[in-house]
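Report on the structure
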Amino acid sequence: MPTYRIVTLPGDGIGPEIMDEAKKLLAAIGSKTGTTFACEDQLIGGAAIDATRAAGEPVSALPPATLEAAQSADAVLLASVGGPKWDDPTPGAVRPEAGLLGIRKSLQLYLNLRPVRLWNALIGASTLKPEVLEGVDVLIVRELTGGLYFGVHERKADVAGAGVGGAAGQTAVDSMEYAEYEIDRVVRWAFEAAGRRRGRVCSVDKANVLETSRLWREVAARVAADFPEVEASNMYVDNAAMQLVYNPAQFDVLVTENTFGDILSDEASMLTGSLGMLASASLGDGTALYEPSHGSAPDIAGKGIANPIAQLLSVELMLRYSFQMDEAADQLAAAIGSVLDAGWRTADIADDSTPADHILGTSAMGDKVVEAYLAQ
Ligand code: NAD
């Protein structure tokens, strides 16, 4: 019987509430598949700041015990961090987000996945017309550790003529750099994923202008040759931004570098119109990290009304990409679809047509999904 060790990081705000639902679901999946998911709670974010301060330890949003557990786990499941309680403007104050950045960095996660799929029952929640959204199911694969965000950032001192109207002024530089291996591992992952999906990869770049993009395109072509069964295409990023709202259903897997991916994945996430329904995964060579795309929603924390579905979809990603349990993942996705099709909603995804007795709290929604999963 396979056993997987999962470090669970409930964090702050609604985090602990939605994490409870994920654990409930994992127990159900375990019992149905004969798998043991051993969940181990660790501290991160504001909760870690409070706990380390109370214990008289060095104040930290990512205590060493959390990091050690995460590094040796089979997967990390995070809920959310942050909240007004820890919004300390004092320079040098430890902030909850430091925990998030710290864990991503130390797990050396170089690839981020953001699946964007249409839930038929929620089609009205998007700002786009239903006919444009028909069939949308895009997996955005974003490179996470290279490019502009990790290049040299510098300011050059005043030089004559760089200012306004010929005056002296500063110049700022952000450099963009990519090594072949950084491109290869991300694009290769995208092709492998496409082989298990609808078999299409679109690599997005700006090869008509940028040298990094020209290298990206060369490497992408080499990788594509290793996957003759996958249909490969290239698209300039400006066109991709337009196509994502014009004809999003054309995409299966879309792979791109860090900055383009940051922007395109946020654009694409809004196709479905609902923050409470979006999960993401960050992968590297070691332990992977799964989390909802939303934050800690302090405005509704403790009320038992948060939507747990993005957290449950993070579990779906974990099953697929850390444990190769595609069948259970498919069943879970189908279960969530069937709960929505039956009209069940949390408050954030309800509308005027939702009967009051179909608006569920966090725990009741978790129960519905578990019940539907077990019935698959
Ligand atoms: P947010 O995502 O927490 O909330 C935005 C809005 O969406 C709020 O009205 C909230 O109630 C709602 N919302 C979010 N998730 C929901 C859910 N599951 N169910 C129902 N409604 C939901 O973003 P914010 O308000 O900008 O940030 C709040 C805190 O979260 C800040 O401290 C921020 O730094 C932090 N944050 C953390 C993460 C993370 O942990 N990865 C990401 C973004 C923001």
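Being a predicted model, the structure only gives us computed values, none of them experimental.

We now examine the nonpolar core. One broad rule of soluble globular proteins: the nonpolar side chains tend to lie buried together. Counting 72 residues, the largest nonpolar core has Ile29, Val141, Tyr290 and Leu319 as the members making the most contacts within it. Leaving out residues up to four positions away in the same chain, Tyr290 has contacts with Ala75, Val76, Leu77, Leu78, Ser280, Ala281, Leu283, Ser314, Leu317, Met318, Tyr321 and Ser322. Counting 19 residues, the second largest nonpolar core, distinct from the first, contains Leu118, Leu133, Ala240 and Leu254.

Any two packed helices are characterised by the angle at which their axes cross and by the distance between the axes. Packing of helix H10 (residues 309–321) against helix H11 (residues 326–341) brings their axes to within 7 Å, and their N-to-C directions diverge by 160 degrees. By the criterion of interaxial angle, the relationship of H10 to H11 is roughly antiparallel. Along this stretch, H10 crosses H11, giving a crossing that reads as left-handed. Contacts between H10 and H11 involve Ile309, Leu312, Leu313, Val315, Glu316, Leu319 and Arg320 from the former and Asp326, Ala328, Ala329, Asp330, Leu332, Ala333, Ile336 and Leu340 from the latter.

Turning our attention to the sheet that holds strand S12 (residues 288–292). Spatially, the ten strands line up as an open sheet ordered S2-S1-S3-S12-S11-S4-S5-S10-S8-S9, and their pairing is mixed. Of all the strands in the sheet, the pair left with one neighbour each is strand S2 (36–41) and strand S9 (231–236). Looking at each pair of strands side by side, their axes are set apart by 25 degrees on average, direction ignored. Two elements, strand S5 (residues 137–143) and strand S10 (residues 253–256), share four bridges in a ladder whose sense is parallel.

Moving on, we get to the side chain of Lys206. Along the polypeptide, Lys206 turns up in the loop between strand S8 (200–205) and helix H7 (211–225). Apart from the residues within four sequence positions on either side, Lys206 is in contact with Ser213, Tyr236, Val237, Asp238 and Phe260.

This model, assessed by the stated rule, comprises six aromatic pairs. Between the aromatic rings of Tyr4 and Phe37, the centroid separation amounts to 6.2 Å while the plane-to-plane angle is 25 degrees, which identifies the pairing as stacked. Of this pair, Tyr4 sits in strand S1 (residues 3–11) while Phe37 sits in strand S2, and the two are 33 residues apart along the sequence. Each ring, one from Trp189 and one from Tyr321, has its centre 5.1 Å from the other, and the planes form 55 degrees; the classification is tilted.

Bringing helix H1 (residues 15–33) into the picture now. Compared with the 27 Å implied by 1.5 Å per residue over 19 residues, the 26 Å span of H1 between its first and last C-alpha is a close match. All of the buried residues in H1 are Gly15, Glu17, Ile18, Met19, Glu21, Ala22, Leu25, Leu26, Ala28, Ile29 and Gly30.

This part takes up the site of the ligand. Close to the ligand lie 19 residues; Glu97, Gly295, Ala297, Asp299 and Asn307 are nearest. A distance of 2.9 Å separates an oxygen atom of the ligand from a polar backbone atom of Val81. When the ligand is considered free in solution it has 800 Å² of accessible area, and contact with the protein chains removes 68% of it. The residue inventory of the shell around the ligand, partitioned by class, reads eight nonpolar, seven polar and four charged.

In this section: the pairing of strand S4 (residues 109–117). The buried fraction of S4 is high, at eight of nine residues. By the bridge criterion, seven bridges tie S4 to S5 in an arrangement that is antiparallel. Pairing of Arg117 across the sheet is with Asp137, part of S5.

On to the side chain of Asn258. Relative to the elements of secondary structure, Asn258 occurs in helix H9 (residues 258–269). Among the residues examined, Asn258 registers a relative accessible area of 0% and is labelled buried. There is a polar contact of 3.1 Å between the side chain of Asn258 and the backbone oxygen of Gly146. Residue contacts for Asn258: discarding those within four places in its chain leaves Arg142, Glu143, Leu144, Thr145, Gly146, Tyr149, Phe150 and Tyr178.

Moving on to the pattern of salt bridges. All chains considered together, the criterion is met by 24 salt bridges. A salt bridge links Glu180 to Arg222; the shortest N-O distance between them is 2.4 Å. With Glu180 in helix H6 (residues 180–195) and Arg222 in helix H7, the pair connects residues that are 42 residues apart, well separated along the chain. Judged by relative accessible area, Glu180 falls into the partly exposed class, the value being 41%. Under the relative-accessibility criterion, Arg222 is labelled partly exposed at 46%. The partner of Arg198 in a salt bridge is Asp252, and the shortest N-O contact between them spans 3.8 Å. Placement of Arg198 in the loop between H6 and S8 and of Asp252 in the loop between helix H8 (237–246) and S10 is noted, with a sequence separation of 54 residues between them. For Asp252, a relative accessible area of 1% gives the class buried. One network of salt bridges, with partners in common, ties together Arg117, Glu316, Arg320 and Asp330.

As a further point, take H8. The periodicity of an α-helix, 3.6 residues per turn, causes residues three or four places apart in sequence to face the same way. Those residues of H8 lying buried are Val237, Ala240, Gln243 and Leu244. Seen end-on, H8 carries its buried residues on one side only, within an arc spanning 110 degrees. Against S8, S9, S10 and H9 lie the buried residues of H8.

It is worth spelling out the environment of Met270 at this point. For Met270, the position within the fold is in the loop between H9 and strand S11 (279–284). Separated by 202 residues in the primary sequence, Met270 and Glu68 place their C-alpha atoms 35 Å from one another.

Turning our eyes to something else, we now look at the packing of H1 against helix H12 (residues 362–375). At a minimum axis separation of 9 Å, H1 and H12 run at an interaxial angle of 15 degrees. Relative to H12, H1 is oriented roughly parallel. Pair H1 / H12 crosses with right-handed handedness. Contacts between H1 and H12 involve Glu17, Ile18, Glu21, Lys24, Leu25, Ala28, Ile29, Lys32 and Thr33 from the first element and Thr362, Ser363, Gly366, Asp367, Val370, Tyr373 and Leu374 from the second. Looking at the contact of H1 with H12 residue by residue, the class counts come to seven nonpolar, four polar and five charged.

Here is what the cut-offs are and how they apply
- Residues numbered from 1 in each chain as written.
- Predicted model: local features only at pLDDT ≥ 70, side-chain atom pairs only at ≥ 80, totals over all residues.
- Heavy atoms only, no water.
- Core = buried A, V, L, I, M, F, W, Y, C linked by side-chain atoms within 4.5 Å.
- Buried < 20%, exposed > 50% of the residue type's maximum accessible area, 1.4 Å probe, protein only.
- Contact = heavy atoms within 4.5 Å.
- Axes fitted to C-alpha atoms, helices over the stretch in contact; angles between N-to-C directions.
- Helix = DSSP H or I, 4+ residues; strand = E, 2+ residues; numbered from the N terminus.
- Parallel < 35°, antiparallel > 145°, perpendicular 65-115°, else oblique.
- Left-handed = near helix turned anticlockwise from the far one by under 90°.
- Pairing = 2+ DSSP bridges.
- Phe/Tyr/Trp six-rings, centres within 6.5 Å; stacked < 30°, edge-to-face > 60°.
- Expected span 1.5 Å × (residues − 1).
- Near = heavy atom within 4 Å.
- Polar contact = N/O pair within 3.5 Å; in protein donor to acceptor, adjacent residues only side chain to side chain.
- Areas by Shrake-Rupley, 256 points an atom, 1.4 Å probe, with all protein chains shown as cover.
- Nonpolar A, V, L, I, M, F, W, Y, C, P; charged D, E, K, R; others polar.
- Salt bridge = Lys/Arg side-chain N within 4 Å of Asp/Glu carboxyl O.
- Arc of directions from axis to C-beta.

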